[in-house]
Every structure is written in structure tokens, then in C-alpha cells.
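Survey of secondary and tertiary structure
Given next are the chains, with one letter for each unit.
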Amino acid sequence: MDLSGGAGYLLLGTLLVGTLSSLALLHFAQREVSWSAFITTWLGFVLSFGIIALVPYDVSATLAGEEVQPSENVVGSSWELIYWATFVLCWVLCPLFIEYEAAGGFTTYGRFRASLRRNAYWCLGYLAVGMILLVWLSMDGRIGLRAWCIAASNAWGLFLLTVLMGHGLVAVPRHLWRLANPAEQLAILYCSAVTMDEARLSTQFELQDLISEARGEIRIRSAQVGDPSLERAFEILQLTLEECELLHCELTNGARGVREGGQGCGNRPVGGEDASKLDALAEMFRALKLAALEARRAACRWNEMVRRCLMLEDLEEHLYPSAVELSTYWEGSCLHLCCRVPAVRSAWHAVVSTWLKKLRAPVLRVSAVFCGCLSAVIVLGQLTMFSKSTSLSALSLLFQTGHGFWVTQVCCMVPLSYMVCTAYWSVFRLKIAGWYGLYSDHNTDASSLLWCASTLARLAAPLCYHFLFLIRVKNTAFQEMMGQMNVVPVLGGSFNEVFPVLVGFICLCNLLNVYSRMVQLFGLEALEIETVPLAPAGDTNDLLQEGRRLIERERRRRSEDRNLLEMVDRSGESGRTTMPLRFQIQALIEDGTLPLDWNAASPP
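Residues numbered from 1 in each chain as written. Predicted model: local features only at pLDDT ≥ 70, side-chain atom pairs only at ≥ 80, totals over all residues. Heavy atoms only, no water.

Within the protein, the regular secondary structure consists of 20 helices and zero strands. When the 604 residues of the protein are sorted by exposure, 46% land in the buried category. Contacts in the protein between residues at least 24 apart in sequence constitute 79% of all its contacts with a sequence separation of at least 6. A total of about 30,800 Å² of accessible surface is found on the protein, and carbon and sulfur atoms cover 63% of it. (Helix = DSSP H or I, 4+ residues; strand = E, 2+ residues; numbered from the N terminus. Buried < 20%, exposed > 50% of the residue type's maximum accessible area, 1.4 Å probe, protein only. Contact = heavy atoms within 4.5 Å. Areas by Shrake-Rupley, 256 points an atom, 1.4 Å probe, with all protein chains shown as cover.)

Structure follows, in C-alpha cells:
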């Protein structure tokens, strides 16, 4: 493609990536997310996927042998701009904003100060590394600061990618194959449901105790009301407390349970002569916000688990109408709105019913086989990546000569997209990730969005650079930009060719189901990935039975709620309304008739 074609491709790609990122974030982000967090996340998504989308064009231009003058090198200039913008965003802005969102300060300045303080350890580490680099640079002027930054960021990303792809290249085909068999998938989900339900209840109890502690602190305030900063702090804490009480009411279906004077969270200091009252309130404010976030995330994960289990149970029992209803529920989505038209709804349900009855199982099995073959091709290519003479990479055969622009794009996008999917599919299964994730229907908080954007941005460039080594295409504009780190000892040059060999070893560990034991043996629990709970045969059977009882309980509860809501609709015309107690409580709170702290224990 000529220069104008390259500029047009970049413009079209930018518009497409920006539009898709906007739609995705509007679907996942909570409506309460601030614009600063939303825009930062959007930039992270656009820049990361921009890197991934630009690599196939770079490969196509290189294979075509296009000669472009340095002053007209649109792709090379784009790489520099995109890479360094991504670098600053994922290593500086996102960590600051994540801590800013979690901070307990009552002013913008206070929250930024708390964010900087909590990032101080990383800042000190960066400062120490910077001092070492300055000493090194003064001794050897051949290595620039840019090269060190690229090498360090690439090494961190490549190390994490090795772990993630080592798991994903095995787990994704295995997961697709299990999805084709509802009974096998249900056995896995039942075991996971027990642990997830315990975690969900634990977060609710944590929130419950913090609500009681904050309410007790607000009740006894009186001495320092003349201080404007303390007065503002109490007002903000009161508003947050009301929001948390409403959330707790929603998560527990209106159940009473906030314990009076509960100190189950470590009995935090709340002030006194030896403690700063404002700092104590800020710490309580921070703990309350984090507990609310954890409780909401745990509830979202639980609801998604229950929905999947109910759909798989219906598929196993051939209850296709119910499965169709579960699989076509998207509250607030455009498709959900379109399905309100009877003709559209009937057509869509017919398509989904055909998919569930006849196509789902064979398509999933074929997809699992295809992904398994692609995983094998990628692993074999990585095992010989360091060798100049011997290559087992079947992907490199596709790029020995040019095949035209669009064919090259497809040949690049298929394996590259699969590598991206295996890596990011594994990210949310790392235990270090905690409850961070993308939750649909506007349930993703700002911290989760920023964490996802940061992780995505940190892995995008190392993954694409690794892909170019895998397909053995040289002299691309991206490689010339990343090649600045080749002069860096240890982290540059051969490190990118030798280190990925470990992917084959990690894949073997996952195939033999010994990966968890290996990371525990070497003390690397932070790299452990969530799997089905390992237990003796008898205990596993108990987990299955307990998980099945939990899902059956949820099915009954949802069925009762639906029947009661239908009863409300039928009785609305006659003026008589019968509603579940939790729905009545919710309506009274929204109308202002019932106070938010209705479920507080009565004073003695």
C-alpha cells in the first residue's frame, strides 16, 4: 500500500478501535465512574488494541518491500507515539488513578497525596533503578535511558506472558471441549460454586461489620463539629455509609444483620488524643469503599456463575426454552430492546434455539480441536525460536513471501488474536488479580477498569514483539523501534529469543495438572491460577453435592421472585399489590419512607 493508503488504514483503524472500545466501556462501566477514570481506561484500551491492530499492517508493508523515506514514515512515527503514550499510561497514570479511586481522603488533594504515598514504594524502587542507570550511563554512553525503559518494560511483560500463555494455550482448548459437555462443565462449576459462595458471604460480613463500625463513629460525633474539615469528613462518610447500607440491603435481599458495635474488621482506631481524627476517618472511609467494591464484585461473579449453571442444567435436561431465555438475557442492551418486538424476538429465539439444540456441541468441539492445533503450532515455534538454522514454526512458512495486503492481514490476525485471547483469558484467573474483572450490565467499578487497562497496555507491546519473533519476519518498523533495547545487557538481544522456551515447560505442567504444585514448591503463589479445587474423591463428591444444593436454592429463589413479580403485574389493575418483602423495602427506601439504616439493631 502507498503512503496515502497507509494513512487511511491508520485512520480507519483508529476510528474502529476507538468506537469498539467506547461501546465496550459503556457496557461494562458503572454509571458512577468518573470521567477521568473513564477516559484513562478508554485511552488504555485504544492504545493497546491499536498496537495489536497495527502489527499486521507493519508486517504486510515489510513483506511487500515498500521503501518509505524517513520523513514520510507514517508507521514508524506512529509506533514511537503509541508506544511511549502507552508506557506513560500503564506505568504512571493507571497506578496513580487506581490508588486515587481507593484512597480515603475527603478532598482531591488528600486523595492524590494518599495515592502518591501508597505508590511510594514503587517510586523508591524506580528511583533506585534510575540512580543505577545514571551511574551505568556515565560509565558507558552507548546505552540510553530509552533503551533501558523499553528493555525493563518488555522483560516484565514477557515474563508474565510466558506464565499466562503457558496456561492459556492448554486451558482454552480444554475449556472449549468441556463446554460441549454440560455434565462435565457442571461438575467443575459445582465445585467452584462452594468456594465462590463462601467468598461472597465473607465480603458481605466484612461490609456488614464496617457499616456498623462507621455508624457507631457517626453516632458519637460531637466534640469536633466546629472544625470545618472534620464536618466535611463526617458528611462524606455519612453519604458513603448510606450508599453502603443500600448496597448491603440489595445484596442480602433486605435481610437484617448489621451487628451493633461490630468490630470484626480489626477494631480500627477512630480517634483520640494520640491519633489524628481526620486520618482515622479517612482510613475508615477507604476501608468502607473497598469493602463495598469487594462485596459488589463477589456478587457479580456469583450471579454469573449461577446463570451459567442454570443454563447448563437446562441444556443437560433438554429444557431448551428455559435455556434460550437464560442465554438471551442482556438487560439494557440494544438487542434486548429490539427483542421487545414480537417478530424480532421470535426470530432471535429460533436462531438461539437452533444453536443450542444442534450446533453448539459440534461447533465447540471443532473450535477446541482447531485451538488445540494452533496451540501446538505456537508452542513448537517457541521451542526453536532461539535457533537461527532450525525452525519448527509452521507460522513462519506463511510469511516467507508476500501474499497481498488482505491475505497477509488475515494470516497475521488469526494467530495473533489467538495469542491475545489465551493471554488475557488467563489474566483474570491469576489469584493475584483478586476480584478485579470486567462485569457486564454497568457493574465494573473504576478501579477494575483502570487495572484492566493497565494490564492490557503492559502486555500489548511485548506480545506483539514476541509474535514477530515467532513468525520470523524481520526489519519491521516495530522491531526497529523495539530494537533499541538490544544493547542492554541481559534483558536485551537474546533474552527475547531464549526465555519463551519456558512456555513449553509450563504448558506441559498444565497438561499434567502439576502447575499449582510447582508454583507452591518454588514459593510463587502470586503466579498461581484458579483451578478446580483439588480434593480426595470423597471430598470432591461432597463439594459436588453442596454446589448442586446451592444452585438449586438459587433456582428456587429466582423462580419465586419471578412468580411474585408476575402476580404484581396481574394484580396491578385491580389495585391490589402483592410484592416480596425485599422489594417492598427497596421501594420504601427509594421513596424516602423508610430510612437507610432501617436494619440497624435497636438501641438498648
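Overall, the coordinates contain zero disulfides when judged by the stated rule. Unpaired in this structure, C373 has its nearest cysteine sulfur neighbour in C371, at a distance of 9.3 Å. (Disulfide = S-S within 2.5 Å.)

Looking at where A85 falls in the secondary structure, it is placed in helix α3 (residues 74-102). The class for A85 is partly exposed, based on a relative accessible area of 32%. For the pair A85 and G44, spaced 41 residues apart in sequence, the C-alpha separation works out to 9.2 Å.

Next up on the list: the side chain of T86. Residue placement: T86 occurs in helix α3. Looking at T86, the relative accessible area reads 4%, which means it is buried. Leave out the neighbours within four places in its chain, and T86 touches L47, I51 and A457.

Further remarks concern the packing of aromatic side chains. All told, the structure shown has 15 aromatic pairs when counted by the stated rule. Arranged with centres 6.5 Å apart and planes meeting at 65 degrees, the rings of F97 and F112 form a pair that is edge-to-face. Separated by 15 residues along the polypeptide, F97 in helix α3 and F112 in helix α4 (residues 108-118) bring together distant segments of the chain. A relative accessible area of 15% means that F97 is categorised as buried. Judged by its relative accessible area of 34%, F112 falls in the partly exposed class. Here the aromatic rings of Y465 and F478 are separated by 6.2 Å at their centres, their planes lie at 75 degrees, and the arrangement is edge-to-face. Here Y465 is found in helix α14 (residues 446-471), whereas its partner F478 is found in helix α15 (residues 477-482), with 13 residues between them in sequence. Judged by its relative accessible area of 3%, Y465 is buried. Among the aromatic residues, those joined into a ring-pair cluster are W79, Y465, F469 and F478. One Lys or Arg, R111, reaches over the ring of Y100 and ends 4.2 Å from the middle of that ring. A cation over an aromatic ring shows up here: R458 above the ring of W156, its NZ or CZ 5.4 Å from the ring centre. (Phe/Tyr/Trp six-rings, centres within 6.5 Å; stacked < 30°, edge-to-face > 60°. Lys NZ or Arg CZ within 6 Å of the ring centre and 35° of its normal.)

Attention now goes to the environment of Y83. Residue position: Y83 is located in helix α3. Note: C-alpha distance between Y83 and F478 (395 residues apart in sequence) is 9.6 Å. In contact with Y83, not counting residues within four places along its chain, are I150, S153, A461, M481 and M482.

What follows is about the confidence of the model for the protein. In low-pLDDT segments, the atomic positions of the prediction should not be examined closely. Chain-level pLDDT for the protein is 78 on average; 75% of the residues reach the 70-or-more range. Within the protein, no element has a lower average pLDDT than helix α20 (residues 581-591), which sits at 57, and none a higher one than α14, at 91. Note on residues 533-537: pLDDT is under 50 here. Beyond four places in sequence and across chains, it has five contacts. (pLDDT = per-residue confidence, 0-100.)

One way to put it is that helix α7 (residues 182-219) packs onto helix α9 (residues 277-316) with a least axis distance of 8 Å and a crossing angle of 155 degrees. Looking at the two axes, α7 sits roughly antiparallel to α9. Crossing of α7 against α9: the hand is left-handed. For the contact of α7 with α9, a count of residues per class yields 25 nonpolar, three polar and 11 charged. (Axes fitted to C-alpha atoms, helices over the stretch in contact; angles between N-to-C directions. Parallel < 35°, antiparallel > 145°, perpendicular 65-115°, else oblique. Left-handed = near helix turned anticlockwise from the far one by under 90°. Nonpolar A, V, L, I, M, F, W, Y, C, P; charged D, E, K, R; others polar.)

Further remarks concern unusual backbone geometry. In this model, R472 sits at a positive phi of 60 degrees, which is unusual for a non-glycine residue. One can find R472 in the loop between α14 and α15. Using a relative accessible area of 30% as the deciding quantity, one classes R472 as partly exposed. For N475, which is not a glycine, the phi torsion comes out positive at approximately 70 degrees.

What follows concerns α9. A rise of 1.5 Å per residue sets the reference length of α9, with its 40 residues, at 58 Å; its end C-alpha atoms lie 58 Å apart and thus fit the reference within 8%. Counting buried residues in α9 gives 29 out of 40 residues, a clear majority hidden from the surface. Where α9 terminates, the next one or two residues include H318, which has phi positive at roughly 60 degrees. (Expected span 1.5 Å × (residues − 1).)

Now for the nonpolar core. Counting 87 residues, the largest nonpolar core has I378 and F478 as its most contacted members. Broken down by element, the residue count for this core peaks at 19 residues, all from α14. Discounting residues that sit within four places of it in the chain, F478 has contacts with D58, W79, A461, C464, Y465 and L468. Judged by nonpolar contacts, the second largest core, of 25 residues, contains A214, A233, F234 and A295. (Core = buried A, V, L, I, M, F, W, Y, C linked by side-chain atoms within 4.5 Å.)

Attention now moves to a nonpolar patch on the surface. Taken together, the side chains of L16, L20, L23 and L26 make up a nonpolar region of the molecular surface, amounting to roughly 420 Å² of accessible area. Within the element layout of this structure, L23 appears in helix α1 (residues 3-28). Note on L23: relative accessible area 54%, which makes it exposed. (Patch = residues over 30% accessible without salt bridge, like charges linked within 9 Å, V, L, I, M, F, W, Y side chains within 5 Å. Salt bridge = Lys/Arg side-chain N within 4 Å of Asp/Glu carboxyl O.)

Bringing the pattern of salt bridges into the picture now. Overall, the coordinates contain 14 salt bridges when judged by the stated rule. Here R286 and E99 are joined by a salt bridge, their closest N and O atoms 3.9 Å apart. Taken together, the residues R286 in helix α9 and E99 in helix α3 connect sequence positions 187 residues apart. We classify R286 as buried; its relative accessible area is 12%.

What follows deals with the packing of helix α13 (residues 405-427) against α14. Taken N-terminus to C-terminus, the directions of α13 and α14 make an angle of 140 degrees; their axes are 10 Å apart at the nearest point. Taken together, the axes of α13 and α14 lie oblique to each other. The handedness of the crossing between α13 and α14 is right-handed. Note on element contacts: α14 touches α13 through W451, T455, L456, L459, A460, L463, H466, F467 and L470, opposite C412, P415, L416, M419, V420, A423, Y424 and V427. Among the residues forming the contact of α13 with α14, the class breakdown is 15 nonpolar, two polar and no charged.

Among the secondary structure elements, N443 is positioned in the loop between α13 and α14. In this structure the C-alpha to C-alpha distance between N443 and R297, which are 146 residues apart in sequence, comes to 7.9 Å. Those residues in contact with N443, other than ones at most four positions away along the chain, are F28, Q30, R296 and C300.

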